[in-house]
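Chain by chain, the residues run as shown.
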Amino acid sequence: MNKNRHPTGPAGMTRRRFLATAAGSALAAAFGGLPRFAGAAEPLILPPLPFGEGALEPVISARTISFHYGKHHRGYFDNLLRLIAGTEYAGMPLDRIVAATAGRPDRAAIFNNAAQTWNHTFYWRSLKPKGGGEPPAGLKRRIESSFGSVGACRKALAEAAAAQFGSGWAWLIRDGGTLKAARTPNAEIPAGKEVVPLLVIDVWEHAYYLDYQNRRAAYVEALIEKLLNWEFAAGNLGAA
Ligand code: MN
């Protein structure tokens, strides 16, 4: 920590520290909008997969799910537990840990592992065997008013997934009264006062490389067509 002799923020904080804290507080308020879907609120459990490891075949293999859930997701969760042990974050719900550490460079490791834990739990619920197809009527109307058609929404999601350079996530979000496709790098979550995530597609290479190698677009298109859980999005929107 920089022992700045000329603090300009309140309570003797350095200016840099004050700004980081202020930005963190704004983000913490923004993350109040994360959906409290089942399994996301408890900090100290790794929620089980909502389906069997082979249930998404042939779009995503059991081997990919086994590594993705058993090694990657579990790895983020185990890292999180280790990082928060004995800190003020121990015992907090997962979404509060995400909110409290977002935008704080001094808490980047906790944020990254907490957000990745949250994102993966959200991702598993964004998928289902025999998914895809048409959204429930209420969600479909909202999609049509925002994108023009369900097909245009699917295309926007695929484009967001393709446009994310390197590791990250493609999302369906509600931004104010409008539904949009969005993308984020690494562990970032699109959340704000008026921004709520509804669905997510993992576009880290570990999500598809065993099955599709470098063909991210083939993975994304198959996932959107055959696995997307529109009912989960409708629930997060409050519009079944
Ligand atoms: Mn992943």
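See the structure shown above.
Residue numbers run consecutively from 1 along every chain, following the written order of its sequence. Totals for whole chains, interfaces and linings use every residue, but because this is a predicted model, local features are given only for residues with pLDDT of at least 70 and side-chain atom pairs only at 80 or more, for both listing and counting. Side-chain measures here rest on the full set of heavy atoms in the structure, leaving out hydrogens and waters.

Let's shift gears to the nonpolar core. The definition of a nonpolar core used throughout is a set of buried Ala, Val, Leu, Ile, Met, Phe, Trp, Tyr and Cys residues joined through side-chain atoms within 4.5 Å. Only protein chains enter the calculation, and the probe is 1.4 Å; a residue is then buried if its accessible area is under 20% of its type maximum, exposed if over 50%, and partly exposed in between. Formed by 70 residues in total, the largest nonpolar core has its most connected members in Ile60, Tyr123 and Tyr219. Labels follow the DSSP assignment, with helices taken as runs of H or I lasting at least four residues and strands as runs of E lasting at least two, numbered in each case from the N terminus. A per-element tally of this core places helix 4 (residues 108–125) first, with 8 residues. Note on contacts: a residue pair qualifies if any of its non-hydrogen atoms lie within 4.5 Å across the two residues. When residues no more than four places from it in sequence are discounted, the contact partners of Ile60 are Ile65, Tyr123, Leu127, Asp211, Tyr219, Leu223 and Leu227.

Each aromatic ring pair is described using two quantities: the centre-to-centre distance and the angle formed by the ring planes. Only Phe, Tyr and Trp rings take part, Trp by its six-membered ring, and two of them pair if their centres are within 6.5 Å. Stacked means planes under 30 degrees apart, edge-to-face means over 60, and tilted covers everything else. For the structure on display, the rule yields 11 aromatic pairs. Between Tyr76 and Trp204, the aromatic rings sit 6.4 Å apart at their centres with planes inclined by 75°, giving edge-to-face as the arrangement. Taken together, the residues Tyr76 in helix 2 (residues 62–84) and Trp204 in the loop between strand 3 (195–202) and helix 7 (209–212) connect sequence positions 128 residues apart. Like Trp204, Tyr76 is buried. Here the aromatic rings of Phe122 and Trp171 are separated by 6.1 Å at their centres, their planes lie at 35°, and the arrangement is tilted. With Phe122 in helix 4 and Trp171 in strand 1 (residues 168–175), this pair connects stretches of sequence that are 49 residues apart.

Attention shifts here to the sheet that holds strand 2 (residues 178–185). As summarised here, the arrangement of the 3 strands in space is 2-1-3, forming an open sheet in which the pairing is antiparallel. Of all strands in the sheet, those bounded by a partner on one side alone are strand 2 and strand 3. Neighbour to neighbour, the strand axes of the sheet diverge by 30° on average, direction disregarded. Each pair of strands is called paired provided DSSP finds at least two bridges between the two strands. Relative to strand 3, strand 1 is paired through 7 bridges, and the arrangement is antiparallel. Of the residues in strand 3, the one forming a bridge with Ala170 is Ile201. In this analysis an axis means a line fitted to C-alpha atoms, helices contributing only their contacting stretch, and an angle means the value between N-to-C directions, from 0 to 180 degrees. Across the face of the sheet, helix 4 comes into contact with strand 1 and strand 3 while running at roughly 75° to strand 3.

Interaxial distance between helix 5 (residues 137–147) and helix 9 (residues 230–237) falls to 9 Å at its minimum, and their mutual angle equals 80°. With respect to helix 9, the axis of helix 5 lies roughly perpendicular. Of the residues in helix 9, those touching helix 5 at Leu139, Arg142 and Ile143 are Trp230, Ala233, Ala234 and Leu237. Looking at the contact of helix 5 with helix 9, its residues break down into 6 nonpolar, no polar and 1 charged. Angular relationships are summarised with four words: roughly parallel below 35 degrees, roughly antiparallel beyond 145, roughly perpendicular across 65 to 115, and oblique for the angles in between. Amino acids are sorted into nonpolar (Ala, Val, Leu, Ile, Met, Phe, Trp, Tyr, Cys and Pro), charged (Asp, Glu, Lys and Arg) and polar (every other residue, Gly among them).

What follows deals with the pairing of strand 1. Where burial is concerned, most of strand 1 is hidden: 6 out of the 8 residues are buried. As paired strands, strand 1 and strand 2 are joined by 8 bridges and run antiparallel to one another. Bridge pairing links Trp171 to Ala182 in strand 2. Linkage of strand 1 to strand 2, two consecutive antiparallel strands, is achieved through a turn of 2 residues, within which Gly176 is found at a positive phi near 65°.

The next subject is the coordination of the manganese ion. Coordination angles at a metal have ideal targets, namely 109.5 degrees for four tetrahedral donors and 90 or 180 degrees for six octahedral donors. Taken together, the protein donors to the manganese ion comprise His68 (NE2), His120 (NE2), Asp202 (OD) and His206 (NE2), at separations of 2.0 to 2.2 Å. Donors, by definition, are the N, O and S atoms found within 2.8 Å of a metal, the threshold being 3.2 Å for Na, K and Ca, and water is not counted, so a site can look incomplete. The sequence pattern describing where the donors of the manganese ion fall on their chain is H-x51-H-x81-D-x3-H. Of the two residues, His68 is situated in helix 2 and His206 in the loop between strand 3 and helix 7; the sequence distance between them amounts to 138 residues. The class for His68 is buried, based on a relative accessible area of 1%.

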